[in-house]
Amino acid sequence: GCPAAPRSRLHAGMTAVVAPGIGPLNLRALPAVGTGIRAQLYGGHRLTVLSGPSCNSGYAWWRVETRAGVRGWISIAAGAGLQERDRVRAAALQG
């Protein structure tokens, strides 16, 4: 786990849905903020959680796959210096 990251209900093997009104939630190529964006996800997107969390730079990263078969990483922010909207996006993933 990632001790500094907010507690998450995500776990490998589950289906998660991006909550309504959220987006874009960036689906990144690697578990790091500076890597390429493979897709942008909005409310209603269904995701299969493949693995995680992987900790990097104050984020807990989860490897996911969209219904279209696109795989990548989504982040859950941690730490005092991060914008509130990052935490809202992370909390909006519902199991």
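That block above? That's the structure.
Throughout what follows, the structure given in this document is the object of discussion. These numbers come from a predicted model, not from an experiment.

## Some words on the overall build of the chain
Then step 1. Within the chain one finds one helix and seven strands.
Then step 2. When the helices and strands of the chain are placed in sequence order, the string is β-β-β-β-β-β-α-β.
Then step 3. A burial count over the chain gives 36% of its 95 residues as buried.
Then step 4. Relative to all contacts within the chain whose residues are 6 or more apart in sequence, the contacts with residues 24 or more apart total 51%.
Then step 5. Accessible surface, the chain as shown: approximately 5,200 Å² in total, 50% of it carbon and sulfur.

## So, the pairing of strand β5 (residues 59-66)
Consecutive residues of a regular strand have side chains that alternate between opposite faces of the sheet.
Then step 1. Burial analysis of β5 places six of its eight residues in the buried class, which makes it a mostly covered element.
Then step 2. Inspection of the sheet shows strand β4 (residues 46-56) paired to β5 by seven bridges, in the antiparallel sense. Bridge assignment links Asn 56 to a residue of β5, and that residue is Tyr 59.
Then step 3. If you look at the hairpin formed by β4 and β5, you'll find two residues sitting between the two strands, and Ser 57 has a positive phi there, around 55°.

## Considerations on the environment of Ile 74
Then step 1. Position of Ile 74 relative to the elements: it lies in strand β6 (residues 71-77).
Then step 2. In this structure Ile 74 comes out as buried when scored by relative accessible area, which is 1%.
Then step 3. Along the primary structure Ile 74 and Leu 30 are separated by 44 residues, whereas in three dimensions their C-alpha atoms are 9.1 Å apart.

## Considering the packing of aromatic side chains
Then step 1. Considering all chains together, one arrives at one aromatic pair under this definition.
Then step 2. Ring centres 5.7 Å apart and planes at 40° place the aromatic pair Tyr 59 and Trp 61 in the tilted group. The pair formed by Tyr 59 and Trp 61 is uniform in burial state, with each residue classed as buried.

## Description of the environment of Trp 62
Then step 1. By the element assignment, Trp 62 lies in strand β5.
Then step 2. Through-space distance from the C-alpha of Trp 62 to that of Gly 52 is 4.5 Å; in sequence the pair is ten residues apart.

The rules we used
- Residues numbered from 1 in each chain as written.
- Predicted model: local features only at pLDDT ≥ 70, side-chain atom pairs only at ≥ 80, totals over all residues.
- Heavy atoms only, no water.
- Helix = DSSP H or I, 4+ residues; strand = E, 2+ residues; numbered from the N terminus.
- Buried < 20%, exposed > 50% of the residue type's maximum accessible area, 1.4 Å probe, protein only.
- Contact = heavy atoms within 4.5 Å.
- Areas by Shrake-Rupley, 256 points an atom, 1.4 Å probe, with all protein chains shown as cover.
- Pairing = 2+ DSSP bridges.
- Phe/Tyr/Trp six-rings, centres within 6.5 Å; stacked < 30°, edge-to-face > 60°.

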